[in-house]
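One letter stands for each residue in the lines below.
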Amino acid sequence: MRFYREPIQVADAQEKILSYAEKTKTETIPLIDSEGRRLAQDIYATCDVPHFTKSPYDGFAVRAEDTNGAAVQSPVQLEIIGTIACGDEPAFSIGQGQAARIMTGAALPEGADCVIMFEMTSENEAKAEHTVGIKKEMAPGENVILQGEETKEGAFLIQEGKRIGPGEMAILATFGYASVPVYRLPRIGILATGSELLSPEEPLRYGKIRNSNSYMTASQVRQAGGIPVLYGNLEDNAERAVEKVLSILRDVDIVITSGGVSVGDFDIMVEVFKRLEVDLLFNKLSMRPGSVTSAARYYNQFIFGLSGNPGACFVGFELFVRPLLHAMQGKQNVRLPEMEAAIGVDMKKPSSFARYIRGVWKQEKGRIVAYPVGPDKSGVVTNIADANCLICVPAGGRGISQGEPVTILTLPYGAGGE
Ligand code: AMP
Ligand code: MG
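Quick notes on the rules
Residues numbered from 1 in each chain as written. Chains lettered and ligands numbered in written order. Predicted model: local features only at pLDDT ≥ 70, side-chain atom pairs only at ≥ 80, totals over all residues. Heavy atoms only, no water. Helix = DSSP H or I, 4+ residues; strand = E, 2+ residues; numbered from the N terminus. Phe/Tyr/Trp six-rings, centres within 6.5 Å; stacked < 30°, edge-to-face > 60°. Buried < 20%, exposed > 50% of the residue type's maximum accessible area, 1.4 Å probe, protein only. Salt bridge = Lys/Arg side-chain N within 4 Å of Asp/Glu carboxyl O. Near = heavy atom within 4 Å. Polar contact = N/O pair within 3.5 Å; in protein donor to acceptor, adjacent residues only side chain to side chain. 1 Å grid on protein atoms, 1.4 Å probe; cavity = no way out; pocket = protein on both sides within 12 Å on 5 of 7 lines; lining within 4 Å. Sits in = over half its atoms within 2 Å of the grid points. Nonpolar A, V, L, I, M, F, W, Y, C, P; charged D, E, K, R; others polar.

Q: An account of unusual backbone geometry is requested, with residue identities and associated values reported.
A: Cis geometry is adopted by the peptide bond preceding proline 50, which originates at valine 49 and carries an omega value of -10°. Mapped onto the elements of the fold, proline 50 is located in the loop between β2 (43-44) and β3 (59-62). A cis amide bond links arginine 288 with the next residue in sequence, proline 289, at an omega value of -5°. Along the chain, proline 289 turns up in the loop between β17 (287-288) and β18 (294-298).

Next comes the structure, spelled out in structure tokens:
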């Protein structure tokens, strides 16, 4: 069992994980703090927008029938009976032969059925009776924003699960959602395993390396809407790892470990899963890098054993953890967006497993071309920063030649970002 593992397809592994995905609990938070969060309920209009008929211009509110025959050469004179500023509730109504000054966004007074812009009028302030000359014949409803014209009370506006951005904020404020129901951010515990690991603040020692995976994963977690909680590094000791994983599970929704999932003498995660008697979802995938990426259920929680190789750790998160974090927060499309690209170089290396190569896509002469970020070695750390996609090279065959179409999974970071 330790050495033979049954590989499953990436899509099947994703399905398995998602079949257990449950949305996080909800909480209600102040509107101003809801940016970037996902809505826990559908949002409907609580009133008409606008909820009163109003003027789109600065001008005069008049009755269209009173403007019959009006022209630049022969203005119709109307009596000005008042002024309506924004926010006023007009206390008068417009009778025959009357007009009121009205400002943009102000409520149309009763009796008026249209608004004529200042530019088409001439005021006669010198005259005893304060009048305005209307230079254009108006039609009823002209230059008026009707109540409910934009949105009717009860209209469906935003789907549950949608991420709150500027447009959603504007809607929520418009309809009086001073506090907003959102899904809680899942808390993700991150543990690095490996007796060779040092923390970033420690000086290098021969044979040791600094733990980069935990920080990389923390960034991925945050960008997928989770809260990363770092639990440091652990030496390759299964017993201590079992204790540690159990104690982390008490504080978080999901545990992600890196390292120790392979078949080496000190690869402890196999033993950890065994001792915890987890429900193993998979421990072998027909993909590269990270074929030993593992996932398990421990009661109603997830444990992900990502590969220690930074490139494989990165890819493992994107393919398996990101969709879960999205599903937990109600996102509709949980997988990375797919795009068609032309491959920029020959990739003839045949592989019996599908490959997910860290790549960079760019627009070249109107088409999208994808290039690997560098040597496709899962241990390379320094080129992950360049990756803005994963290039999917299918299993088998003869690989792909430069210019051939290839599917890429786009990432929300990497080259192109700043
Ligand atoms: P493992 O999966 O434990 O066999 O580790 C595979 C490779 O990744 C080894 O070269 C490790 O030194 C390296 N590695 C493991 N964990 C980390 C980590 N947290 N950060 C950077 N490299 C790591
Ligand atoms: Mg190791």
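Q: Break down the packing of aromatic side chains for me, citing the residues and quoting the values.
A: Taken as a whole and judged by the stated rule, the model has six aromatic pairs. Summarising the aromatic geometry, the rings of phenylalanine 60 and phenylalanine 118 are spaced 5.5 Å apart at their centres and angled 75° between planes, so their arrangement reads as edge-to-face. Within this pair, whereas phenylalanine 60 is found in strand β3, its partner phenylalanine 118 is found in the loop between β6 (114-117) and β7 (121-124), the two being separated by 58 residues in sequence. With relative accessibility at 0%, the residue phenylalanine 60 sits in the buried group.

Q: Before we move on, could you go through the pattern of salt bridges and cite the residues and values that matter?
A: Using the criterion set out here, one finds 17 salt bridges in the structure. In this structure, glutamate 235 engages arginine 240 in a salt bridge whose closest nitrogen and oxygen atoms are separated by 2.9 Å. For glutamate 235, a relative accessible area of 33% gives the class partly exposed. Residue arginine 240 is classed as partly exposed on the basis of its relative accessible area of 41%.

Q: Break down the site of ligand 1 for me, citing the residues and quoting the values.
A: Taken together, 16 residues lie near ligand 1, and Glu196, Asn211, Ser212, Gly260 and Gly308 sit nearest. Here a nitrogen atom of ligand 1 sits 3.1 Å away from a polar atom, N or O, in the main chain of serine 212. For ligand 1, a nitrogen atom lies 3.3 Å from a polar atom in the backbone of asparagine 213. Most atoms of ligand 1, that is more than half of them, are within 2 Å of grid points of the largest pocket. Where the shell around ligand 1 is concerned, the elements lending two or more residues are β11 (187-193) and β13 (209-210). A class-by-class count of the residues in the shell around ligand 1 yields four nonpolar, nine polar and three charged.

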